[in-house]
Amino acid sequence: MNSINIQFFASLREEVGKDKISLTLPADMSAGLPVSEIVNKLAQQENAAWQSILEASDILVAVNQTLVDRDHCVLPGDEVAFLPPVTGG
Amino acid sequence: MRSRSFLLLLEVSLSVDIKIAVQVEDFDVTAETARLSIFGTGGINSFTGIVRHQNDDSEVQCLRLEHYPGMTESQILAIIQDAAERWDVLGATVIHRVGDLYPGDQIVFVGVASPHRGDAFDACEFIIDYLKTRATFWKKELLPDSERWLKTRQSDVDTANAWQK
């Protein structure tokens, strides 16, 4: 199964109402799928409102626990996380 | 409780002794400072963050912290390594608590051991500045009648960015 695990943290988790979700990808995924396309598929699969929530300019994306740009290609088995602005220290 | 205690002790190529812990439990500043003193160093500088009672004119009843297990620890390690490339650092400790904390509780400890005080001060300040804006921690304040996720302060971003100049 070509699927990826997606996690949502903090305020984003409360906004979408889920902490993690599995997304099934198209059969031919050898080249991967850009993060921006992942957002489109999530909006289709879950809730159209997620499109603008996840596309917000202050939302960061990590793939396998490393920050990436929106054009980064996600591969099957990857761990994808959407992160609201951080407030540590 | 999604947050777990996590302890990492390792040596990096710069021969800096690094201790990183993201944990629910409190920490002992005296013991952590003593651990840093074993490196025969010239000086130790440390910062301890405390949960404040008031924030933006509201009474804080509880501060709820969460992190991204694994990623957060890696980011802290990268921050310390960055500091060790800029200054002479013999040992460094970062302990950051998660879970429910209350006004007066210790929240974060940053300690740096260095041959010289200037390096110890600068590296410590750099690490706490970067922790605020470059590590995956999130804070929610529970107030008497409401709750709110804290937003990144522009002043914190500006302070951290100033180190890049």
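Residues numbered from 1 in each chain as written. Chains lettered and ligands numbered in written order. Predicted model: local features only at pLDDT ≥ 70, side-chain atom pairs only at ≥ 80, totals over all residues.

### Some thoughts on the overall build of chain A
Stated formally: In this description a helix means any DSSP run of H or I spanning at least four residues, a strand means any run of E spanning at least two, and both kinds are numbered starting from the N terminus. Restricting the calculation to C-alpha atoms gives the radius of gyration, and the globule rule supplies 2.2 Å times the number of residues raised to the power 0.38.
The secondary structure content of chain A amounts to three helices and seven strands. Scanning chain A from its N terminus toward the C terminus, one meets helices and strands in the order β-α-β-β-α-α-β-β-β-β. Against the globule reference of 12 Å for 89 residues, chain A gives a C-alpha radius of gyration of 12 Å, in line with a compact fold. Principal axes of the C-alpha set define a box for chain A whose edges measure 40 × 25 × 20 Å.

### A look at the nonpolar core
Residues and elements named next belong to chain B. Quick note on the threshold: Put simply, a nonpolar core is a cluster of buried Ala, Val, Leu, Ile, Met, Phe, Trp, Tyr and Cys residues tied together by C-beta atoms within 7 Å. Counting other C-beta atoms within 10 Å of a residue's C-beta gives its exposure: the residue is buried at 20 or more, exposed at 12 or fewer, and partly exposed in between, where C-beta atoms are placed from the backbone. A pair of residues counts as a contact when their C-beta atoms, built from backbone coordinates, are separated by no more than 7 Å.
Counting residues in each nonpolar core, the largest one holds 62 residues, and the members touching the most others are Ile-80, Ala-83 and Ile-127. For this core, the element with the most residues is helix H3 (residues 117-134), which contributes eight residues. Ignoring sequence-local partners within four residues, the contact set of Ala-83 consists of Val-89, Ala-92, Ala-123, Phe-126 and Ile-127.

### Points about the sheet that holds strand S10 (residues 137-142) of chain B
Residue and element names in this part refer to chain B. Spelled out, the test is: We treat two strands as partners when DSSP finds at least two bridges between them. Note on geometry: axes are lines fitted to C-alpha atoms, helical ones only across the stretch in contact, with angles between N-to-C directions running from 0 to 180 degrees.
With antiparallel pairing, four strands are arranged side by side in an open sheet as S8-S6-S10-S11. The sheet terminates laterally at strand S8 (99-101) and strand S11 (147-149), the two strands that pair on one side only. Taken pair by pair, the neighbouring strands of this sheet meet at an average axis angle of 25°, ignoring direction. For S10 and S11, the ladder comprises three bridges, and the chain directions are antiparallel.

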